[in-house]
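Given next are the chains, with one letter for each unit.
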Amino acid sequence: MAGAAFGLVVVLASPHRGTQAWVVWASLAIALAATSGAVFGYGLTLWPEITGLGPIRLGRVAAFVAQIAAIGCAILALGAVLTLSQKTDPAIVRERDLSGLMLTMFAGLAAVPVGAGLGAIRERARAPHGTPGEQVEQILALNRLLARLLGAFGALVALATLALGAALRQGIHPQPESAVVIIFGAAWSVVVACAYAPAAGALREAAQALCRTVVPLGDTPAADLPSRTEDRRQLEQALGVDRGVLAGIQSGLIIFAPLLASTTTVFLPG
């Protein structure tokens, strides 16, 4: 509710209120703000599940979040420069308001618990403990949490890209700006990948090490190799070893691709 209320305040303060383009943008902006608030709360609710799997070094998690935030701020600055440089007409430049910046910053702040969760998963994956069975339980749980956090992060990127596409159609001389929308969507996808890849990589390494421990092949007699190899393959498949980091990003952001394609179709010239 707080996110939706913030979005409502932002759209009502827009100087373009009342125009046809404003109605489309306002709907997407409120949806983005509401989703941001939901994602913030969702990230917080997942934190106890992650810490329940073992101790977390909070200092490392904070450093990880700071690195991702630095990348996001750099992209935000680049996006602002590109947006302002698309039109040189002073009358159009004066029309630019802070609505987009406020929404982007709000979405970025909402993603902090998600980024912290991804950093915590990376730290937890680097220090598995317990019996092999307990480690399997930990890896399976971390894989589920990782997929859920990636989906939440991807939803923010998709809605932010759609809202930007609608925002650029506002103004006295609305003209779709393909470069800005495409760069924005691609750049924030890179931010998601930078947050996801370290956690996914650490989890995959932990799963590989566990598979080698549980189903070793080095001293297996030749006659037993086929069955042992099949056991190893099944365990690796269950723990996600056979799924690469890039494949995980693509599956986690599967909804984002058609949304971005729709953005370029609806908001950009053919």
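Residues numbered from 1 in each chain as written. Predicted model: local features only at pLDDT ≥ 70, side-chain atom pairs only at ≥ 80, totals over all residues. Heavy atoms only, no water.

Colleague: How should the overall build of the protein chain be read in this particular structure?
Modeller: From N to C terminus, the protein chain includes eleven helices and zero strands. Ordered by position from N to C terminus, the α and β elements of the protein chain give α-α-α-α-α-α-α-α-α-α-α. Expressed as a percentage of the 270 residues in the protein chain, the buried residues total 41%. Within the protein chain, residue pairs in contact and separated by at least 24 positions form 82% of the contacts whose partners lie at least 6 positions apart. Counting only carbon and sulfur atoms, one obtains 67% of the accessible surface of the protein chain, whose full area is about 13300 Å². (Helix = DSSP H or I, 4+ residues; strand = E, 2+ residues; numbered from the N terminus. Buried < 20%, exposed > 50% of the residue type's maximum accessible area, 1.4 Å probe, protein only. Contact = heavy atoms within 4.5 Å. Areas by Shrake-Rupley, 256 points an atom, 1.4 Å probe, with all protein chains shown as cover.)

Colleague: Help me understand helix α5 (residues 99–110), please; the structure alone is not making it clear to me.
Modeller: Since the α-helix advances by 3.6 residues per turn, residues separated by three or four positions end up pointing in the same direction. With twelve residues, α5 should cover 16 Å at 1.5 Å per step; its first-to-last C-alpha distance of 16 Å lies within 8% of that length. Among the residues making up α5, those that are buried are Ser 99, Leu 103, Thr 104, Ala 107 and Ala 110. Each buried residue of α5 lies within a common arc of 125 degrees when the element is viewed along its axis, so the set occupies one face. (Expected span 1.5 Å × (residues − 1). Arc of directions from axis to C-beta.)

Colleague: Would you mind showing me how to read the environment of Gly 43 here?
Modeller: Note on placement: Gly 43 falls in helix α2 (residues 20–51). Separated by 68 residues in the primary sequence, Gly 43 and Ala 111 place their C-alpha atoms 7.9 Å from one another.

Colleague: Is there a simple way to explain the confidence of the model for the protein chain in this structure?
Modeller: When pLDDT is low, close inspection of the predicted coordinates is not appropriate. On average, the protein chain scores 78 in pLDDT, and the residues at 70 or more come to 76%. Per-element confidence in the protein chain is highest for helix α6 (residues 112–125), whose mean pLDDT is 92, and lowest for helix α4 (residues 90–95), whose mean pLDDT is 46. Throughout residues 172–176 the model reports pLDDT below 50, and contacts reaching past four residues in sequence, or to other chains, amount to eleven contacts. Here residues 266–270 scores under 50 on pLDDT; set against residues more than four positions off or in separate chains, the count is 15 contacts. (pLDDT = per-residue confidence, 0-100.)

Colleague: Would you mind showing me how to read the nonpolar core here?
Modeller: The nonpolar side chains of soluble globular proteins are, as a tendency, buried together. Of all hydrophobic cores here, the largest spans 65 residues; its most connected members are Trp 25, Leu 32, Leu 118, Ile 121, Leu 146, Phe 153 and Leu 239. Elements with a contribution of two residues or more to this core: α2, α3 (58–85), α5, α6, α7 (132–167), α8 (178–214) and α9 (225–239). The greatest single-element share of this core, amounting to 18 residues, is contributed by α7. Other than its neighbours up to four places away in sequence, Leu 146 contacts Leu 118, Ile 121, Tyr 196, Ala 199, Ala 200 and Leu 203. (Core = buried A, V, L, I, M, F, W, Y, C linked by side-chain atoms within 4.5 Å.)

Colleague: What exactly am I supposed to notice about the pattern of salt bridges here?
Modeller: Note on pairing: side chains with opposite charge can pair once their charged atoms come close. For the structure on display, the rule yields six salt bridges. In this structure, Arg 60 engages Glu 123 in a salt bridge whose closest nitrogen and oxygen atoms are separated by 4.0 Å. Of this pair, Arg 60 sits in helix α3 while Glu 123 sits in helix α6, and the two are 63 residues apart along the sequence. Here Arg 233 makes a salt bridge to Glu 230, at a shortest N to O gap of 2.6 Å. On the criterion of helical spacing, the pair formed by Arg 233 and Glu 230 is a turn pair, its members being three residues apart in helix α9. Overall, Arg 233 belongs to the partly exposed group, its relative accessible area being 40%. Residue classification places Glu 230 among the partly exposed positions, given a relative accessible area of 30%. When salt bridges with common partners are traced through the structure, they connect Arg 60, Arg 122, Glu 123 and Arg 126 into a single cluster. (Salt bridge = Lys/Arg side-chain N within 4 Å of Asp/Glu carboxyl O.)

Colleague: Explanation requested: the environment of Gly 201 in the structure shown.
Modeller: Residue placement: Gly 201 occurs in helix α8. For the pair Gly 201 and Arg 126, spaced 75 residues apart in sequence, the C-alpha separation works out to 9.9 Å.

Colleague: What is the right way to read the environment of Ala 4 from this model?
Modeller: In this structure, Ala 4 sits in helix α1 (residues 2–12). With relative accessibility at 26%, the residue Ala 4 sits in the partly exposed group. Note: C-alpha distance between Ala 4 and Ser 36 (32 residues apart in sequence) is 8.8 Å. Setting aside anything within four residues of it in sequence, one finds Ala 4 in contact with Ile 30, Ala 33 and Ala 34.

Colleague: Quick question: what am I supposed to make of the side chain of Ser 36 here?
Modeller: Among the structural elements, Ser 36 can be located in helix α2. Exposure remark for Ser 36: the relative accessible area of 0% places this residue in the buried category. At a separation of 2.7 Å, a polar atom in the side chain of Ser 36 contacts the main-chain carbonyl oxygen of Leu 32. Once residues lying within four places of it in the same chain are set aside, the contact partners of Ser 36 are Phe 106, Ala 107, Ala 110 and Leu 156. (Polar contact = N/O pair within 3.5 Å; in protein donor to acceptor, adjacent residues only side chain to side chain.)

Colleague: Before we go on, may I ask you to explain α6 in this structure?
Modeller: Spanning 14 residues, α6 covers 20 Å between terminal C-alpha atoms, matching the ideal 20 Å at 1.5 Å per step. By the criterion of burial, α6 is predominantly enclosed, with 13 of the 14 residues buried.

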